[in-house]
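Residues per chain, in single letters:
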Amino acid sequence: MKTNVDVQIPLITLVGPPNSGKTTLFNILSGKNYKTVNYPGSTVEYYTSRILSRYNINAELLDSPGIVSLIPESPDEKVAVDSLYSHPKLGVPDILLTTVDSCQLSRHLLLPKQLISAGFNVIVVLTMTDILAKRGKKVSESKLSKELNCDVVIVNGRSKKGLENLLEIINSKIDRLNEFDKNKITAYNSGENNKTSLGIFYEIEEILKKVYEPLNPDKKIDLVSANKELKVLKEEFSNDGFSPDELTLKIDRILLHRFWGFVIFLLVMGLTFTSIFWLARPLMILVDELFTDLNSLVVQNFKPGWFTYLVSDGIISGTGSVLVFVPQIFILFLVLGLLEDSGYLARGAMLIDKPLSKIGLNGRSFVPMISGYACAIPAIIAARTIPNRKERLLTIFIIPLMSCSARLPVYALLIAYLIPKDKSWLGGIILGGIYLFSILTSVVVAFVINKFRKKIFTAEESSSFILELPTYKLPKLSSVISHTYNSSKQYIFRAGPIILGFSLVLWFLTYFPHISPQIETNGMSLGQKQNVERSERLEKSYAADLGKFIEPIMLPIGMDWRIGVSLISAFAAREVFVSSLALTFKVTTDDDQSQNTLLNSLREAKIQSTGEKLFTTATTAGLIVFFIFALQCLSTVAVSRKETGGWKIPILQVLIFTSLAYIMTFITVNGLRFFGVQ
Amino acid sequence: MRTAAELNYGEIGIISEIDSSHPSSKRIIEHGFTPGQTIELINKSIFNDPIAVSVRGTLIAIRKCEAGCIKLK
């Protein structure tokens, strides 16, 4: 009996053009407890939820991606339109709620008209009537309803005025569902589509002449504002009743100013970029410390053995490496969400589109790219906002080249090794140079990959940049936060298990088979003892075998198996490289002096087979170059796999960037040696 | 014949037709660029491309190569 009821729960799908208030309506109807559904085999995502129980409507609500028309162009649009007709998991919608910005009826009515003629059971929801009222106009619900031949209801997204009307209409539609025949929904005629769309637009222009009405036509008003209003009316009606928002135009005079607009853009992006760095840092340290403490708690309180280490270094540290990115992801999505909601992000994309289009990218690639300097994971997720699939894949492809913050400790150690103690200012210059170099190389790589794009990204799409610049408004904090929360949750539950899985494999490689080394540990502190054990274990581990196995390819770039092992462990997370290096070089002190001790033992290290000095200026510079290029981050691979919907791109990324790293390191090391730098 | 790509700052034009041989023509029409509509060039980016055009009361950023298929009277 219960399953029977479940089957009969009506499906209400929300559909509408971007910036039409669709998501706001979804949030009002669903509360915040929605879940995300992937359309099978694609990265197109949907949100679904039951309608809040207090509204007394037993129906499933589905939020679909914003579309402008029923005729799809890109593969992602096709998925969006196809699932509107019949969602693979939820079926054919019983009711379509389509949101329409009442200030933009002239453009937004296209989709509802297409939906109605396709035979859907449509309710048109008019949004943003408060903004229209400020311009002295209103829309007649009844007239529009008559013209469109469907239910029309005005809902205010902020005050929720009109919501009861909407609920009533939904309820009465649900009661009369048996009158609605789903089989009558027909595929929208995509034959001479330009002509059809033009025809609809002419019909819309006729409709608009009837449905727009002046607000309070006989209101008593003082002369000054009357004159103002007259002027506004005159201007607007001279232009068929449509003119952009005055305030938006004024703000754009500054924010889209030819020169200052670009300066402001660089400032805003710089601020966004630094916020993910500095705001997130204390939180990341907190997460890191929490898991380190948890780890040592387990080690101290349980008998040493493979199971204890599995829990402490495998599961706890693995979970830590998933969660350590959450602060950055949260802050990044929060800041970007606020910028998006205010209407600025679209303008930023416009300002930077030209240079990026030269290397096959899009104005919208910029934000994901700079986010990559903090962490590739949120950056790759942020690339979802790029509508063109080919450009999105190319953006995701080059993101790992952005020098993420996890590389900083590695650079810091290697630079400290390179420069003389009395010239520490040189370090800053070298670090700046590394960042500049990484920008240049990512541009070159994007350019080259773009040349081969047809072979790599099978999506056939012509490059296009047509983007609505929405009216500026104050961002709605609650919806931005709830969206941010959901994105972070998605990262934890979707990418998290893969990252954890990989970390466990790496744990296995670095721990087995020599799990409990027998060593003389008298007179050592607990910390020292642990470090000695770890270093013994690592030296005889499978990872070390692997390191020795790859030593023949490490020698040409002036490195030995010990660096090889550290590079392999760095796959769990790049910052692990430093601690792993400390273990392989048996730096066993556990105090703050460890970096200096490590530096000293690096200075004395020699390649065992040849007796040459291991860390020369040439090899250290080579290692820095290696880290600039190499994709040594399993988390990135996992997220790339998830966001591109297949293994092809992540595997290509690992192969191309790692071999590029090797070749560039080879050139650097041997080039420097050729010029007499050892 | 002039196109929307050749508009100057603040200049107003009336669309005569959309070149339907252009791959983006469908998308351009769907954003409301239809014959008879008045459009105005509001802003340009520092690189002169894309441009921001107002149509039907909305600002649309569009690349010049795409604006080139919006023909003006």
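This is a predicted model, so every value here is computed, not measured.

Student: Tell me about the overall build of chain A, residues and numbers included.
Tutor: Looking only at helices and strands, chain A has 32 helices and 10 strands in total. Looking at the 678 residues of chain A, the share that counts as buried comes to 44%. Intrachain contacts of chain A at a sequence separation of at least 6 include 72% that bridge at least 24 residues.

Student: An account of the overall build of chain B is requested, with residue identities and associated values reported.
Tutor: When its secondary structure is counted, chain B shows 2 helices and 5 strands. Ordered by position in the sequence, the α and β elements of chain B form the string β-α-β-β-β-α-β. Whereas a compact globule of 73 residues would reach a radius of gyration of roughly 11 Å, chain B reaches 11 Å, a difference of no more than 12%. Overall size of chain B, expressed as C-alpha extent along the three principal axes, is 30 × 25 × 20 Å. The burial tally for chain B puts 53% of its 73 residues in the buried class. Considering only intrachain contacts with a sequence separation of at least 6, the fraction spanning at least 24 residues in chain B is 51%.

Student: Give a description of the sheet that holds strand β5 (residues 70-72) of chain B that names residues and reports values.
Tutor: Hydrogen bonds between backbone atoms are what pair the strands of a sheet, whose relative direction is either parallel or antiparallel. The 6 strands are arranged β10(A)-β4(B)-β3(B)-β2(B)-β1(B)-β5(B) in an open sheet whose pairing can be described as antiparallel. Because the sheet does not close on itself, it has two edges, and the strands there are β10 (466-469) of chain A together with β5 of chain B. Averaged over all pairs of adjacent strands, the angle between their axes in this sheet comes to 45°, without regard to strand direction. As defined by bridge partners, strand β3 (residues 51-55) of chain B adjoins strand β4 (residues 58-62) of chain B across 5 bridges and the pair is classed as antiparallel. Across the sheet, residue valine 55 of chain B finds its bridge partner in β4 of chain B, namely threonine 58 of chain B. Across the sheet, helix α16 (residues 344-357) of chain A is in contact with β10 of chain A together with β3 and β4 of chain B; its angle to β10 of chain A comes to roughly 140°.

Student: Describe helix α5 (residues 110-117) of chain A, with residues and values.
Tutor: Buried residues dominate α5 of chain A, accounting for 6 of its 8 residues. Among the residues of α5 of chain A, Leu110, Leu111, Pro112, Lys113, Gln114 and Leu115 of chain A are the ones counted as buried.

Student: Which residues make up the packing of helix α19 (residues 389-398) of chain A against helix α21 (residues 425-451) of chain A, and what values go with them?
Tutor: Residue and element names in this part refer to chain A. The interhelical angle for the contact between α19 and α21, taken along N-to-C directions, is 140°, at an axis separation of 10 Å. Taken together, the axes of α19 and α21 lie oblique to each other. In this structure, the crossing between α19 and α21 has a hand that is right-handed. Judged by residue contacts, Leu394, Phe397 and Ile398 of α19 engage Ser442, Val445, Ala446, Ile449 and Asn450 from α21. Residues belonging to the contact of α19 with α21 are distributed by class as follows: 6 nonpolar, 2 polar and no charged.

Student: Describe the interface of chain A and chain B, with residues and values.
Tutor: How big an interface is tends to be expressed through the accessible area that disappears when the partners come together. Taken together, the 38 residues of chain A in the interface contact 32 residues of chain B. Broken down by secondary-structure element, the contributors of at least two residues to the side of chain A that touches chain B are α4 (105-108), α9 (193-211), α11 (246-255), α12 (260-278), α16 and β10 of chain A. It is α16 of chain A that contributes the most residues to the side of chain A that touches chain B, 6 residues altogether. Residue composition of the side of chain A that touches chain B, grouped by class: 20 nonpolar, 11 polar and 7 charged.

Student: Let's hear about the nonpolar core: which residues, and what values?
Tutor: One finds Leu332, Ala376, Ile377 and Ile380 of chain A together with Ala52 and Val53 of chain B to be the most contacted residues of the largest nonpolar core, which totals 139 residues. Sort the elements by how many residues they give to this core and helix α15 (residues 326-342) of chain A lands first, with 10 residues. For valine 53 of chain B, the contacting residues outside a window of four places in its chain are Ala4, Ile39, Glu40, Leu41, Ile42, Ile60, Ile62 and Ala67 of chain B. Within the second largest apolar cluster, 48 residues are counted, among which are Leu25, Leu96, Tyr188 and Val211 of chain A.

Student: Can you lay out the environment of aspartate 422 of chain A for me, pointing to particular residues and giving the numbers?
Tutor: Summarising the element assignment, aspartate 422 of chain A is placed in the loop between α20 (408-418) and α21. Considering only alpha carbons, one finds aspartate 422 of chain A and leucine 267 of chain A, 155 residues apart in sequence, at a separation of 34 Å.

Student: Could you give me a rundown of α21 of chain A, with the residues and numbers involved?
Tutor: In an α-helix, one turn spans 3.6 residues; hence positions three or four apart end up facing the same way. Residue and element names in this part refer to chain A. For α21, which comprises 27 residues, the first-to-last C-alpha distance of 40 Å matches the rise-based estimate of 39 Å (1.5 Å per residue) to within 8%. Ile434, Ser438, Ser442, Ala446, Ile449 and Asn450 are the residues of α21 that are buried. Elements that come into contact with the buried residues of α21 comprise α19, α20, α22 (453-456) and α30 (617-629).

Student: Outline the confidence of the model for chain B, listing residues and values.
Tutor: All names here are of chain B. Predicted confidence across chain B gives a mean pLDDT of 91, with 100% of residues reaching 70 or more. Mean pLDDT across the elements of chain B ranges from a minimum in helix α1 (residues 25-30), with 89, to a maximum in β5, with 94. In the predicted complex, the global pTM is 0.78; the interface-specific ipTM is 0.95.

Student: Outline the environment of arginine 603 of chain A, supporting the account with residue identities and numerical values.
Tutor: As for its position among the elements, arginine 603 of chain A is in helix α29 (residues 594-604). Taking C-alpha positions, arginine 603 of chain A is 7.9 Å from leucine 614 of chain A, a pair spaced 11 residues apart along the chain.

Student: Describe unusual backbone geometry, and please don't skip the residues or the numbers.
Tutor: Across the chain, the bulk of peptide bonds are trans and the bulk of non-glycine residues have phi less than zero. Of note, the bond from aspartate 49 of chain B into proline 50 of chain B is cis; its omega dihedral lies within 30 degrees of zero at -5°. Tracing the sequence through the fold places proline 50 of chain B in the loop between β2 (38-44) and β3. Despite not being glycine, asparagine 56 of chain A has its phi angle at roughly 55°, a positive value. You can see asparagine 56 of chain A is positioned in the loop between β3 (45-50) and β4 (60-63). Residue classification places asparagine 56 of chain A among the exposed positions, given that 9 C-beta atoms sit within 10 Å.

Calculation notes
Residue positions are counted from 1 within each chain, in the order its sequence is given. Note on labels: chains are lettered from A, ligands numbered from 1, in written order. This being a predicted model, a pLDDT of at least 70 is required before a residue's local features are given, and a value of 80 or more before pairs of side-chain atoms are given or counted; all residues contribute to the totals for chains, interfaces and linings. Think of it this way: any DSSP run of H or I at least four residues long counts as a helix, any run of E at least two long counts as a strand, and we number them from the N terminus. To sort residues by exposure, count the other C-beta atoms lying within 10 Å of each residue's C-beta; 20 or more gives buried, 12 or fewer gives exposed, and values between give partly exposed, all with C-beta atoms placed from the backbone. Contact between two residues is assigned whenever their backbone-derived C-beta positions fall within 7 Å. Every radius of gyration here is taken over C-alpha atoms, with the globule rule written as 2.2 Å times N^0.38, N being the number of residues. By the convention used here, strands pair only if DSSP detects at least 2 bridges between them. Whenever a helix is involved, its axis is fitted only over the stretch in contact; in every case the axis is a line through C-alpha atoms, and angles between N-to-C directions fall within 0 to 180 degrees. Reported orientations rely on four angle classes, namely roughly parallel under 35 degrees, roughly antiparallel over 145, roughly perpendicular from 65 to 115, and oblique for the rest. Helix crossings get a hand from a simple test, with the near helix turned counterclockwise from the far one by less than a right angle marking a left-handed crossing and a clockwise turn marking a right-handed one. Note on residue classes: Ala, Val, Leu, Ile, Met, Phe, Trp, Tyr, Cys and Pro are nonpolar, Asp, Glu, Lys and Arg are charged, and everything else, Gly too, is polar. Take the buried Ala, Val, Leu, Ile, Met, Phe, Trp, Tyr and Cys residues, join any whose C-beta atoms are within 7 Å, and the set you get is a nonpolar core. Working rule for helices: expected span equals 1.5 Å times residues minus one. A residue's pLDDT is the predictor's confidence in that residue, given on a scale from 0 to 100.

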